[in-house]
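# Structure assessment
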Amino acid sequence: MKNISAEDARNMSVEELLTRFDSGLQGLSSSEAQQRIQEYGYNEIPEKHISPIVKFIGYFWGPIPWMIELALVLSVILVKWDDFVIIAILLLFNAVIGFWQEHKAENTISLLKQRLALSARTLRDGQWVTIPARELVPGDVIRIRLGDIIPADLKLTGSGSLSVDESSLTGESLPVTKNPSDTAYAGSVIHRGETEGLVYATGITSFFGKTTSLVSKEKGASHFQKAVIKIGDYLIALAVALAVILILVALFRHESFAETLQFALVLTVAAIPAALPAVLTTTMAVGAIALAKKEAIVSKLVAIEELAGMDILCADKTGTITRNELTIAEVAPFGNFSEEDVLLFARLASQEHDPDPIDKAVISRADEVPDLPRSLQSFRVIRFRPFDPVEKRTEALVETRDASRFTAAKGAPQVILALAEEKERIRSPVEEMVNAFAERGYRALGVARGDEQGAWHFAGLLALYDPPRDDSVATISTAQNMGIRVKMLTGDHIAIAREIAARIHLGKNIVSASSLRKISSDECGRIMEDSDGLAEVFPEHKFRIVEALQKRNHIVGMTGDGVNDAPALKRADAGIAVAGATDAAKSAADIVLTRPGISVIIDAIHESRKIFQRMNNYAIYRISETIRVLFFITTSIIVFGFYPVSALMIVLLALLNDFSIMTIAFDNVIPSDQPERWEMRKLLGISTILGLFGVLSSFGILFIGKELFLLSPEILQSFIYLKLSVAGHLMVFAARTRGPFWTVKPALPLFLAIALTQLTATLLTVYGILLPAMGWSLALFVWIYALVLFLATDVIKVRAYYLLDHTNIIFRR
């Protein structure tokens, strides 16, 4: 005997369920309940607790390649405390930033668990008793009523009907009517009615629990983390290979092994991008602050990079594309009644002090009709009967100023039509109008008026629908112009989905989620690529859609607001919770919007693409700089037997370059009009070209200093160090643009940081602070040489981009 899935339970009768659970409507005995607790477990959702210390250690060791930690150990063994401190500070800095940003994200499972009811009234040993909801088991019979949170998945067994709010599960605005033998889900709230139900699924196996289990699944490594690892592996491979060559050459020359090993270690540490994750994380953290000003709160930093590369946005219809509030789209009067009459009667049959969504829609539309609000002052509602799931209508007894009375009613069209004396004569046109509304995605509401003699007359129909937000059309159009394909997902009927899709100019190629049930993941992804949206969606569908699209190499964004969106929000590359979302959706999402509407997503995408550009620019600079320094120093030692810089100089290069370059997080960039991707071939290609040209220019300064200026080895090292420092930071200005360096003005913080660090490097070499002094004349020559070679580097960069882009086009063909 096992828990039964919601899908199976929907297709089973109450009698079949009772047989399945070997129980009856008289409930369970206490001993049976205890046995089933042992079999099924408690009706609760287990939480995963991870120590903050363990989380922090995970960030410290996580995305950073193992070679950096090995370098830390070697620094201790070789008593190189300066190297140890530098690497440890950079790693610790990166870990603190990552841990703090992720710590701000709330625990999704805890929030979902809090939605469960605390207690339940159940039939045990033939008596109604109140027990903790966690002790419910399949086969229990429970009683639920107005205001209760349903504690488990149920099959309704009583004679009464319920009006149930499932908005936190489905995101849909209207309460759902549940009749005997219908299923009701844990976590939904009862608005009206009272009945009994048979528990068939509890805890993690319930509809609610299944959602939670989907949310708890971990994502794989982000594209950002993969890119950092690839870049790190590339540089580490170069550094280790060259370090091994240095050691082998030293052994061949019978040089001091310990001294060579120490230098190789310092060189390797300088080449390893220990600051790469820190700089990129800082860039994203600064970007997160900018996004917050645009009312998009980032809970997971890597989502910024994912948002920049997003090429498909799965947008939940209700509350995201639409307002999540009912509106009257059309009024269809019948007989001698006018549109104003229909709205007047519907308004009188609406409750203003405690309105439901339909009442709000009617009141709002009535208030827009000229003179109607003033006309209402001529009437007084004597008695009001609220909506009842059985009668399916509201009714008001109204008195006029002349003391005459009449009744007004609104409700399900078939119910209101049945009241009318002329029902047989108008049945056909009413049904035709209801069907016409349905084809356009509208839900029909009937309105009638009754006279003092009790004779009812059908006044007309109101067409209800959840309208698109005012900014939805513009937002979707802008997204499409930015290379993003928008897919609308909704639990509504396909007719409603098509109507909304047409209104927002999305297209009418909407498919039903049921068509995806028995097809492969690849076929599912293909269908979603070709479609404009999906109707009749359940949480499992959304999760599967995201996975299927990701397997087809798409970077997928998902917007939503309900608990049912949480799994897909968690699985998506960029999960976006819109304003007014449930806590569970916010916690599962990577980005939370605080401004209504989805237009803020466009601002977030623009900002994220700027952030991506900054990270990409830094990666190009860092790789080319590592190649330049590594190859130059290694080749100098192997070919000429000369150490062009000392270990201290390498440490100073790492300190000045890495800490000042963090200001690239504030740099000016032009965002791309297409989704961004880490194009490793192009990134490594352009970096290698720039780096190798830097090696040639460094040998040029070595030749000039040694052969033309005849500098001593100590002064020559200072001479070369200043060139490496100045040219290295000038490389930043070349790396930050695809065109000539002047096409985008650098931000003031970046410019000042580079100016300050290079002034520091110049003063160190001119006045002999920590390094041999070489005077102002040599420093001035280095600056002129570096500036001239910078201009040449920029020309080579522009040409290299042209060649790499042209090569990509050929490969694609």
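Relevant structure appears above.
Residues numbered from 1 in each chain as written. Predicted model: local features only at pLDDT ≥ 70, side-chain atom pairs only at ≥ 80, totals over all residues. Heavy atoms only, no water.

## Some words on the overall build of the protein chain
- Each helix and strand counted, the protein chain has 31 helices and 23 strands in total.
- Counting all 813 residues of the protein chain, 56% fall into the buried class.
- Summarising the internal contacts of the protein chain: among those between residues at least 6 apart in sequence, 72% fall at separations of at least 24.
- Total accessible area on the protein chain stands at roughly 33900 Å², and carbon and sulfur atoms take up 58% of it. (Helix = DSSP H or I, 4+ residues; strand = E, 2+ residues; numbered from the N terminus. Buried < 20%, exposed > 50% of the residue type's maximum accessible area, 1.4 Å probe, protein only. Contact = heavy atoms within 4.5 Å. Areas by Shrake-Rupley, 256 points an atom, 1.4 Å probe, with all protein chains shown as cover.)

## Some thoughts on the pairing of strand S17 (residues 456-465)
- The buried fraction of S17 is high, at 9 of 10 residues.
- The pairing of strand S16 (residues 443-450) with S17 spans 8 bridges and is antiparallel. Within the sheet, the bridge partner assigned to Val447 lies in S17 and is Gly460.
- Joining the antiparallel neighbours S16 and S17 is a turn of 5 residues, in which Gly454 adopts a positive phi near 90°. (Pairing = 2+ DSSP bridges.)

## Here we look at the state of the cysteines
- Overall, the coordinates contain 0 disulfides when judged by the stated rule.
- Not part of a disulfide, Cys314 finds its nearest cysteine sulfur in Cys524, a span of 9.9 Å. (Disulfide = S-S within 2.5 Å.)

## Focus: the environment of Arg677
- Summarising the element assignment, Arg677 is placed in the loop between helix H27 (647-660) and helix H28 (680-708).
- Linking Arg677 and Asp311, residues 366 residues apart in sequence, is a C-alpha distance of 10.0 Å.
- Not counting the four nearest positions on each side in its chain, Arg677 is found in contact with Gly309, Asp311, Asn553, His554, Ile555 and Phe612.
- For Arg677, the side chain forms a polar contact with the main-chain oxygen of Asn553, separated by 3.1 Å. (Polar contact = N/O pair within 3.5 Å; in protein donor to acceptor, adjacent residues only side chain to side chain.)

## Quick word on the packing of aromatic side chains
- For the structure on display, the rule yields 16 aromatic pairs.
- Between Phe337 and Phe345, the ring centres sit 5.8 Å apart and the planes meet at 85°, which makes this aromatic pair edge-to-face.
- By relative accessible area, which is 21% here, Phe337 ends up partly exposed.
- When the centroid spacing of 6.3 Å and the interplanar angle of 25° are considered together, the rings of Phe781 and Tyr785 count as stacked. Taken as a pair, Phe781 and Tyr785 lie in helix H31 (residues 775-812) at a separation of 4 residues, close to a single helical turn.
- For Tyr785, a relative accessible area of 15% puts it in the buried group.
- Among the aromatic residues, those joined into a ring-pair cluster are Phe337, Phe345, Phe379 and Phe406.
- Across from the ring centre of Trp128, 5.5 Å away, lies the NZ or CZ of Arg143, which sits over that ring. (Phe/Tyr/Trp six-rings, centres within 6.5 Å; stacked < 30°, edge-to-face > 60°. Lys NZ or Arg CZ within 6 Å of the ring centre and 35° of its normal.)

## Some details on the nonpolar core
- Core analysis: the largest hydrophobic core is formed by 131 residues, its most contacted members being Phe458, Met488, Ile720 and Tyr721.
- If you tally residues by element for this core, the top one is helix H26 (residues 599-640), at 19 residues.
- Dropping the residues within four chain positions of it, Phe458 is found in contact with Phe334, Phe337, Pro413, Ile416, Leu417, Ala420, Glu422, Ile426, Val430, Gly446, Val447 and Ala448.
- In terms of nonpolar packing, the next biggest core, distinct from the first, is built from 27 residues, Ile312, Cys524, Leu569 and Ala577 among them. (Core = buried A, V, L, I, M, F, W, Y, C linked by side-chain atoms within 4.5 Å.)

## A few points about the sheet that holds strand S12 (residues 327-333)
- Spatial strand order, S12-S17-S16-S15-S14-S13: 6 strands in an open sheet with antiparallel pairing. Unpaired on one side and paired on the other, S12 and strand S13 (379-385) mark the two borders of the sheet. Each neighbouring strand pair of the sheet contributes to a mean axis angle of 25°, computed without reference to strand direction.
- Against the sheet, helix H16 (residues 357-368) makes contact with S12, strand S15 (405-411), S16 and S17, and its axis sits at roughly 70° relative to S12, the strand it touches most.
- Most of the contacts of helix H19 (residues 423-439) go to S17, to which it runs at about 10°, and overall it touches S12, S16 and S17. (Axes fitted to C-alpha atoms, helices over the stretch in contact; angles between N-to-C directions.)

## Structural notes on the packing of helix H13 (residues 302-309) against H26
- Contact pair H13 / H26: the axes reach a minimum separation of 8 Å and the direction vectors enclose 105°. In terms of their interaxial angle, H13 and H26 are classed as roughly perpendicular. Counting all contacts with H13, which are made through Ile304, Glu305, Leu307 and Ala308, the residues of H26 involved are Ala604, Ile605, Ser608, Arg609, Ile611, Phe612 and Met615.
- Residue classes in the contact of H13 with H26 are distributed as 8 nonpolar, 1 polar and 2 charged. (Parallel < 35°, antiparallel > 145°, perpendicular 65-115°, else oblique. Nonpolar A, V, L, I, M, F, W, Y, C, P; charged D, E, K, R; others polar.)

## Thoughts on the sheet that holds strand S19 (residues 510-512)
- Spatially, 8 strands are ordered S10-S23-S22-S21-S11-S18-S20-S19 in an open sheet, and the strand pairing comes out mixed. Every interior strand has two partners, whereas the edge strands, strand S10 (296-298) and S19, have only one. On average, adjacent strands in this sheet sit at an angle of 20° to one another, irrespective of strand direction.
- As paired elements, strand S18 (residues 485-489) and strand S20 (residues 533-535) share 2 bridges and run parallel to each other. The partner of Met488 across the bridge, within S20, is Gly533.
- Sheet strands in contact with helix H21 (residues 494-503) are S18, S19 and S20, and its direction is about 165° off that of S19.

## Thoughts on unusual backbone geometry
- We note that Asp371 has phi near 70°; this positive angle belongs to a residue other than glycine.
- Note that Asp371 resides in the loop between H16 and helix H17 (372-375).
- Taking the relative accessible area as the measure of exposure, Asp371 reaches 46% and is therefore partly exposed.
- The phi torsion at His505 lies on the positive side, around 60°, for a residue other than glycine.
- Relative to the helices and strands, His505 resides in the loop between H21 and S19.

## Quick notes on H26
- Across its 42 residues, H26 extends 61 Å between first and last C-alpha, which sits within 8% of the 62 Å expected from 1.5 Å per residue.
- Of all 42 residues making up H26, 33 are buried, and the element is well covered by its neighbours. (Expected span 1.5 Å × (residues − 1).)

## Digging into the pattern of salt bridges
- Taken as a whole and judged by the stated rule, the model has 22 salt bridges.
- The residue Glu424 makes a salt bridge to Arg427 at a minimum N-O spacing of 3.3 Å. Of this pair, Glu424 and Arg427 both sit in helix H19, 3 residues apart, which is roughly one turn of the helix.
- What makes Arg427 partly exposed here is its relative accessible area of 30%.
- The residue Arg503 makes a salt bridge to Glu499 at a minimum N-O spacing of 3.0 Å. Placement of the pair is Arg503 and Glu499 together in helix H21, with a separation of 4 residues, close to one helical turn. (Salt bridge = Lys/Arg side-chain N within 4 Å of Asp/Glu carboxyl O.)

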